[in-house]
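Spelled out from the first residue to the last, the chains are:
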Amino acid sequence: MTVLELIGSILMGLGILLMVIVVISVFRLGFVINRMHVTAIADTLATLLIFLGGALSEGLHWVNLKLILILALQWFTVPVCGHMITQLEYAVVGDLEEHCKPLPEDEKGEES
Amino acid sequence: MFQQIMQVYLIILSVCLAGALLYIVISKHFTDRLVGVNLISTLILNTILVLSLFLDATSILDIDIVYALLSFQAVVVLSRLLRVRMLAQKKKGGKGK
C-alpha cells in the first residue's frame, strides 16, 4: 500500500462518513427543504472527497480526466435538480409559512 | 490492504443505500421521494467509483457518466411533469369555484 493510496483511502473514508451522516439526518429532519439542504452536502462535498480520494489512489493516470468529467457533470446538474424540487414543493404544498418564519424586518414592514 | 479497505467502504455504502431506499418507502410526500431518488443516485455514483477501485477495472466509470446524466434527467422530468399537472389542477379548481 503506497502513501498515495493511504491518503486516498483516508479522504474516501471522510466522504463516506459524510454520506452516513446525511442518510441519518435525512430521517431526523422534519421538512423537505431542510432535507434538501442536507442532501446537498452528499452531492457536493462528500462526492468531492470520494472522487479526490479515488484520483489520488489511482496516481497520475488518464482515468483522472474521467473522474473530473463525472464530478463536473454532478456539480452542474445537482443545483438544477434542487431548484426543480424546490419549485415543485412551493407549487404543490403551499404551507411554507408554517415552516419558514419571516425575517423580523418583514414583520415590521407588514405592521407599518 | 487497499482492496480490503474498499470492501469495507462498499459495505458501508450499501447500508447507506438500503437506508435511503427505506426513506423513500416510508416517506409520505412526493417531494420527499424525489429527494430520496436524488440521494440514491448520488450514493450509486460513489458506489460505482469505489467498486471500480475494488475490482481495478476503470472501464466501469463509463457507467458513472451515463448514470449522472440519467439521474439528472429523471429528477428534472418528474418534478416538471408533476408541477405542470398540479398547477393545471389548481387552475381547474379555481374556475370551478
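Everything in this summary refers to the structure shown in the same document. These figures come from a predicted structure and were not determined experimentally. (Residues numbered from 1 in each chain as written. Chains lettered and ligands numbered in written order. Predicted model: local features only at pLDDT ≥ 70, side-chain atom pairs only at ≥ 80, totals over all residues.)

Side note on the overall build of chain B
Selection criterion: The helix and strand labels rest on DSSP assignments: H or I over at least four residues marks a helix, E over at least two residues marks a strand, and numbering proceeds from the N terminus. Whether a residue is buried, exposed or partly exposed is read from the other C-beta atoms within 10 Å of its own C-beta, which are placed from the backbone; 20 or more gives buried, 12 or fewer gives exposed, and intermediate counts give partly exposed. Contact definition: two residues whose C-beta atoms, as placed from backbone geometry, lie within 7 Å.
Helix and strand counts for chain B stand at 3 helices and 0 strands. Helices (α) and strands (β) of chain B occur, in sequence order from the N terminus, as α-α-α. Dimensions of chain B, computed from the C-alpha atoms along their principal axes, are close to 70 × 25 × 10 Å. Across the 97 residues in chain B, those meeting the buried criterion constitute 31%. Partitioning the contacts of chain B with sequence separation of at least 6, the portion at a separation of at least 24 is 50%.

Structural notes on helix α2 (residues 30-55) of chain B
Keep this limit in mind: Expected helix span is given by 1.5 Å per residue-to-residue step, counting one fewer step than there are residues.
For α2(B), spanning 26 residues, the distance from its first C-alpha to its last is 37 Å, which sits close to the expected 38 Å at 1.5 Å a residue. Once α2(B) ends, the next one or two residues include D56(B), with phi positive near 60 degrees.

Overview of the interface of chain B and chain A
Put simply, the rule reads: We call Asp, Glu, Lys and Arg charged. Ala, Val, Leu, Ile, Met, Phe, Trp, Tyr, Cys and Pro are nonpolar, and the rest, Gly among them, are polar.
Between chain B and chain A, the contact holds 38 residues from the first and 37 residues from the second. Of all the secondary-structure elements, those providing two or more residues to the side of chain B that touches chain A are α1 (2-26), α2 and α3 (61-96) of chain B. Ranked by the residues each element gives to the side of chain B that touches chain A, the list is headed by α3(B), at 14 residues. When its residues are assigned to classes, the side of chain B that touches chain A shows 26 nonpolar, 8 polar and 4 charged.

Looking at the packing of helix α3 (residues 63-92) of chain A against α2(B)
Heads up, the condition is: Fitting a line to C-alpha atoms yields each axis, with helices limited to the stretch in contact; the angle taken between N-to-C directions then spans 0 to 180 degrees. Our angle categories are set so that under 35 degrees counts as roughly parallel, over 145 as roughly antiparallel, 65 to 115 as roughly perpendicular, and the remainder as oblique.
Look at α3(A) against α2(B): their axes get within 10 Å of each other, and the N-to-C directions meet at 170 degrees. One way to sum up the angle between α3(A) and α2(B) is to call them roughly antiparallel. Within the contact between the two elements, α3(A) uses Q74(A), C81(A), I85(A), L88(A) and E89(A) and α2(B) uses T31(B), L34(B), V35(B), N38(B) and L45(B). For the contact of α3(A) with α2(B), a count of residues per class yields 6 nonpolar, 3 polar and 1 charged.

Some thoughts on helix α1 (residues 3-28) of chain A
If you check α1(A), its first and last C-alpha atoms are 38 Å apart, about what 26 residues at 1.5 Å a residue would give, namely 38 Å. Those residues of α1(A) not exposed but buried are G8(A), S9(A), L11(A), M12(A), G15(A), I16(A), M19(A), V22(A), V23(A) and V26(A). Tucked into the core, α1(A) has its buried residues touching α2 (32-58) of chain A together with α1 and α2 of chain B.

Some words on the packing of α2(A) against α3(A)
Residue and element names in this part refer to chain A. Look at α2 against α3: their axes get within 10 Å of each other, and the N-to-C directions meet at 180 degrees. In this view, α2 runs roughly antiparallel relative to α3, as classed from their interaxial angle. Contacts from V32, I33, M36, A40, D43, T44, T47, L48, F51, G54, A55 and E58 of α2 reach α3 at V63, N64, L67, L71, Q74, W75, V78, G82, I85, T86 and E89. Along the lines of polarity and charge, the residues of the contact of α2 with α3 split into 13 nonpolar, 7 polar and 3 charged.

Looking at the nonpolar core
Applicable threshold: Throughout this description, the term nonpolar core refers to a group of buried Ala, Val, Leu, Ile, Met, Phe, Trp, Tyr and Cys residues whose C-beta atoms join them within 7 Å.
Within the largest apolar cluster, 40 residues are counted, with the highest numbers of intra-cluster contacts made by M19(A), I50(A), I85(A), Y9(B) and L13(B). Counting residues per element, the ones that place at least two in this core are α1, α2 and α3 of chain A together with α1, α2 and α3 of chain B. If near-sequence neighbours (up to four positions away) are discounted, Y9(B) is found in contact with M12(A), I16(A) and V50(B).

Focus: unusual backbone geometry
Residues other than glycine seldom take positive phi values, yet D56(B) does so here, at roughly 60 degrees. Structurally, the position occupied by D56(B) is in the loop between α2 and α3.

The values are spatial; any link to function lies outside them.
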